Amino acid sequence: MEILIRRVLSLCLLICYVRSQTLFKLQDQRTVKNLLNLNVVENVRSLIECSAICRVTSNQMEGDCAAYRYDAVNKTCHLHTDATDDTAALSVPVYTNKYGVYGEWSGWGPCTVTCDGGTEEASRICDPLGSDGCTGHNKKYRHCTAVPCPGVWLSWNAWSHCSVTCGGGIRNRDRDCDMSYHEIPRYPDCQGISSIEEHCHNFSCSPVARTCAEWKSRGLKDYTIAEIDPDGPGEDTLPSQHIHCKDGVTYVYHDKPDVEVKGHENPLSYRVEPDYQLVIEQLVALISMSGSCSQYVRWDCHGSTIDGGNTTGWLKRDKTKADYFPGGEPGTNGCYCMRIRNCASPGAKCNCDSNDNVWRSDVGEIINKDDLPLYAFLAGDTETYLLSCTLEHCSAANAEQ
């Protein structure tokens, strides 16, 4: 009997010795209360350490290690004796080496949106103690940012015209708020400003520019009516004129942009003289200073001929009849279609020379500066048909550009 007791005691001492050595290795010589019973182990850094302690003290290598629970608040590992105990309420199940063990949850990450409700995420890392990995989720989510989103700004509108042509003014532009973007009317207005302004045309008004190109070189940006003085200042010069300027180009308009002609059968019997609303000498001076100048003319015909200018034609600046139709080569008495060899009838010089009951057009530009501006347009052979003559504008692209 004595021999048997000694053997049991020796076995017990051996088991306790092995467990004690393992425990101190895990705990890095931390304080262990009640070492024989191991009810509470303090200074436990993680659930992983508690799981290891549980396996060593309970001699369990597989299956759930239910003997201990980890108290993350107090950093202790408890012998689980009562499910209603306070320590059990704070505990997390401990797993053996068959499954991995999760570490603590990370903090919450950033919200996925800045307004109108999104989600944020927290995660935890699995320590794969066993081949089956960790059980449970490694991520969790919660709602965030319930603040309603504001409206959305549309693109800025174009700048307004400057308040003055020269001498310093103000221009502005605005933008609209799209309240329908989120499709819910409860959202607030757009955040930020809806309009901005800036100074413009901060250049002197004197001396008066001779051309629109000169105004542009000073800083004129807008399409506007500006004062020009093509022949320059002086007592013996003509008064300045107001004219349309756009991007350094001078536009000269007249009072006959569209003319309807009918009932003039005799050749050249209809006559129209455009009023350019400028002193002709100033207009001639402007054309002379220009690097290029053009005037657009369109003649729509129906059973009416041009006949090399003998029936329908135009007068140049010097009041002589031109030997070409606008768009044609000077000296040919032809139209633009003859120039490109594409007239409606073979051998014709103009489309209108087909002289049929089909509406046709001859269109072109006068580009010879010595012929500009068109002084008068002449028409005939119109019988009772309705014709249209469009004399549009002359634009001068000035030599300063």
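From a predicted model like this one, the values you see are computed outputs, not experimental measurements. (Residues numbered from 1 in each chain as written. Predicted model: local features only at pLDDT ≥ 70, side-chain atom pairs only at ≥ 80, totals over all residues. Heavy atoms only, no water.)

Draft legend 1. Here's a closer look at the environment of Thr 119. Relative to the helices and strands, Thr 119 is located in strand S6 (residues 118-123). Apart from the residues within four sequence positions on either side, Thr 119 is in contact with Pro 110, Cys 111, Thr 112, Arg 142 and Cys 144. (Helix = DSSP H or I, 4+ residues; strand = E, 2+ residues; numbered from the N terminus. Contact = heavy atoms within 4.5 Å.)

Draft legend 2. Representation of the packing of aromatic side chains in the model. In total, this model carries 6 aromatic pairs according to the counting rule given. Judged by centre distance (5.5 Å) and plane angle (85 degrees), the rings of Trp 314 and Tyr 324 are edge-to-face. With Trp 314 in strand S19 (residues 313-315) and Tyr 324 in the loop between S19 and helix H6 (336-339), this pair connects stretches of sequence that are 10 residues apart. Of the two residues, Trp 314 and Tyr 324, both sit in the buried class. Three or more aromatic residues joined by ring pairs form one cluster here, namely Tyr 223, Tyr 251 and Tyr 253. Lys 140 extends its terminal NZ or CZ atom over the ring of Trp 105, reaching a point 4.5 Å from the ring centre. In this structure, Lys 246 is placed above the aromatic ring of Tyr 223, and the distance from its NZ or CZ to the ring centre is 5.4 Å. (Phe/Tyr/Trp six-rings, centres within 6.5 Å; stacked < 30°, edge-to-face > 60°. Buried < 20%, exposed > 50% of the residue type's maximum accessible area, 1.4 Å probe, protein only. Lys NZ or Arg CZ within 6 Å of the ring centre and 35° of its normal.)

Draft legend 3. Focus on the sheet that holds strand S21 (residues 376-379). On the basis of which strands lie adjacent, the open sheet formed by 3 strands has the order S17-S21-S19 and antiparallel pairing. The open sheet has two edge strands, strand S17 (270-272) and S19, and neither has a second partner. Neighbouring strand axes in the sheet, compared pairwise and without regard to direction, differ in orientation by 20 degrees on average. Alignment of S17 against S21, held across 3 bridges, turns out to be antiparallel. Bridging from a neighbouring strand, Val 272 pairs with Phe 377 of S21. (Pairing = 2+ DSSP bridges. Axes fitted to C-alpha atoms, helices over the stretch in contact; angles between N-to-C directions.)

Draft legend 4. A look at the state of the cysteines. Tallied over the entire structure, the rule returns 10 disulfides. Between the sulfur atoms of Cys 111 and its disulfide mate Cys 144 the distance is 2.0 Å. Judged by the torsion about the S-S bond (85 degrees), the Cys 111/Cys 144 disulfide is right-handed. Placement of the pair is Cys 111 in the loop between strand S5 (101-102) and S6 and Cys 144 in strand S8 (residues 139-144), with a sequence separation of 33 residues. Overall, the relative accessible area of 22% leaves Cys 111 in the partly exposed class. Given the relative accessible area of 12%, Cys 144 is considered buried. The partner cysteine of Cys 126 in its disulfide is Cys 134, sulfur to sulfur 1.9 Å. (Disulfide = S-S within 2.5 Å.)

Draft legend 5. Broad picture of the nonpolar core. Core analysis: the biggest nonpolar cluster contains 40 residues, and Trp 215, Ile 243, Trp 299 and Phe 377 have the highest contact counts within it. When residues of this core are traced back to their parent elements, those giving at least two are helix H4 (212-218), strand S13 (224-228), strand S14 (241-246), strand S16 (259-261), S17, helix H5 (280-289), strand S18 (290-301) and S21. Per-element tally for this core: the top contributor is S18, with 4 residues. Residues in contact with Trp 215, not counting those within four places in the same chain, are Cys 166, Phe 203, Ser 204, Cys 205, Val 208, Ala 209, Leu 220, Ala 226, Glu 227 and Ile 228. (Core = buried A, V, L, I, M, F, W, Y, C linked by side-chain atoms within 4.5 Å.)

Draft legend 6. Structural context of the pattern of salt bridges. Here the structure, examined in full by the defined rule, presents 10 salt bridges. The shortest N-O distance in the salt bridge between Glu 273 and Arg 271 comes to 2.9 Å. The closest approach of N and O atoms between Arg 339 and Glu 329, which form a salt bridge, is 3.1 Å. Here the residue Arg 339 occupies a position in helix H6, and Glu 329 occupies one in the loop between S19 and H6, the gap between them amounting to 10 residues. (Salt bridge = Lys/Arg side-chain N within 4 Å of Asp/Glu carboxyl O.)

Draft legend 7. Spotlight on the pairing of S6. Across the two faces of S6 the burial differs, with Gly 118, Glu 120 and Ala 122 buried and Thr 119, Glu 121 and Ser 123 not buried at all. Relative to S8, S6 runs antiparallel, the two sharing 6 bridges. Note on S8: the bridge partner recorded for Thr 119 is His 143.

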